[in-house]
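One letter stands for each residue in the lines below.
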Amino acid sequence: MECCIFRSAKSRLSNSPYVQTITNLRHRYTNPASLLTDYIRTVLLIEGFSEKGSQDLPIFTNGSPTLYCRMEKDTVTGFERIKQFTLYGISAPSECWAADEKTTIIAWLFKPFVLPALFNISAKDLKTAPIEFSSLSPHKFNAIQTQIAYAESTMTKKKVLENLIAEALIHSGRTCEIIQSVTEHIMSSPDVRPWEL
């Protein structure tokens with residue numbers, strides 16, 4: 001039996017524009033690799049092939065810059081292929097979360113201002129329209145596609161994709177650190193003017 005506080009909170013969350021409820025799918029949040037925790041809020045895993053859990057919990061996605069990876073199992077070969085690998089500057093649209101029994105979705109929900117610095121792209125361009133990763137780096141995309149095809153579990157796929165993010169962080173780490181520091185300073189001191197830092 002649910003306590004009334006939980007039921008009330010669940011009701012408020014269900015009606016929030018910042019929350020979406022996934023039904024008939026197994027979804028869970030996991031922590032990113034320890035190297036990435038300063039830059040990523042959480043990782044959302046959705047497995048269309050798994051049994052739905054006993055709780056119909058909402059997912060929090062709206063408003064978070066997102067690296068979204070959708071994979072689908074080929075019924076002929078049995079291998080999973082990346083169908084969509086996209087960077088969203090604001091959040092992934094609600095239609096991204098629809099899945100069937102052949103689908104696996106892994107989404108990294110980033111902290112503000114990290115995604116453009118991490119992948120060396122314009123924040124303005126990212127805010128205007130989503131960017132397909134295959135257009136940013138076709139060679140890396142092909143390499144990841146091959147690794148995903150042979151990964152045996154969702155957690156192994158997550159690690160393959162986390163390695164990509166970790167590599168990007170190594171190449172742009174100092175920029176990410178500066179942006180994170182300035183953002184935290186602005187958030188903690190609303191009277192500060194960023195151009196004076």
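*Asks:* Lay out the environment of A99 with the relevant residues and their values.
*Replies:* By the element assignment, A99 lies in the loop between β6 (80-88) and β7 (103-110). The spatial distance from the C-alpha of A99 to the C-alpha of R70 is 9.1 Å, given a sequence separation of 29 residues.

*Asks:* Before we move on, could you go through the pattern of salt bridges and cite the residues and values that matter?
*Replies:* Enumeration according to the criterion identifies 5 salt bridges in this entry. Measuring nitrogen to oxygen at the nearest pair gives 3.1 Å for the salt bridge that ties R28 to E47. One end of the pair, R28, is in strand β2 (residues 26-30); the other, E47, is in strand β3 (residues 40-47), and 19 residues separate them in sequence. A relative accessible area of 4% places E47 in the buried class. Put simply, K157 and E80 hold a salt bridge, and the shortest N to O gap is 2.6 Å. Within this pair, whereas K157 is found in helix α6 (residues 154-188), its partner E80 is found in strand β6, the two being separated by 77 residues in sequence. Judged by its relative accessible area of 6%, K157 is buried. Given the relative accessible area of 8%, E80 is considered buried.

Conventions adopted
Starting from 1, residues in each chain are numbered consecutively following that chain's sequence as written. Restriction of local features to residues with pLDDT of at least 70 applies here, the model being predicted, together with a cutoff of 80 or more for giving and counting side-chain atom pairs; totals for whole chains, interfaces and linings are based on all residues. Side-chain measures here rest on the full set of heavy atoms in the structure, leaving out hydrogens and waters. Here a strand is any run of E in DSSP of at least two residues, a helix any run of H or I of at least four, and the numbering for each starts at the N terminus. For this document, the term salt bridge refers to a Lys or Arg side-chain nitrogen within 4 Å of an Asp or Glu carboxyl oxygen. Classification of residues uses two cut-offs on accessible area relative to the type maximum, computed with a 1.4 Å probe and protein chains only: under 20% is buried, over 50% is exposed, and between them is partly exposed.

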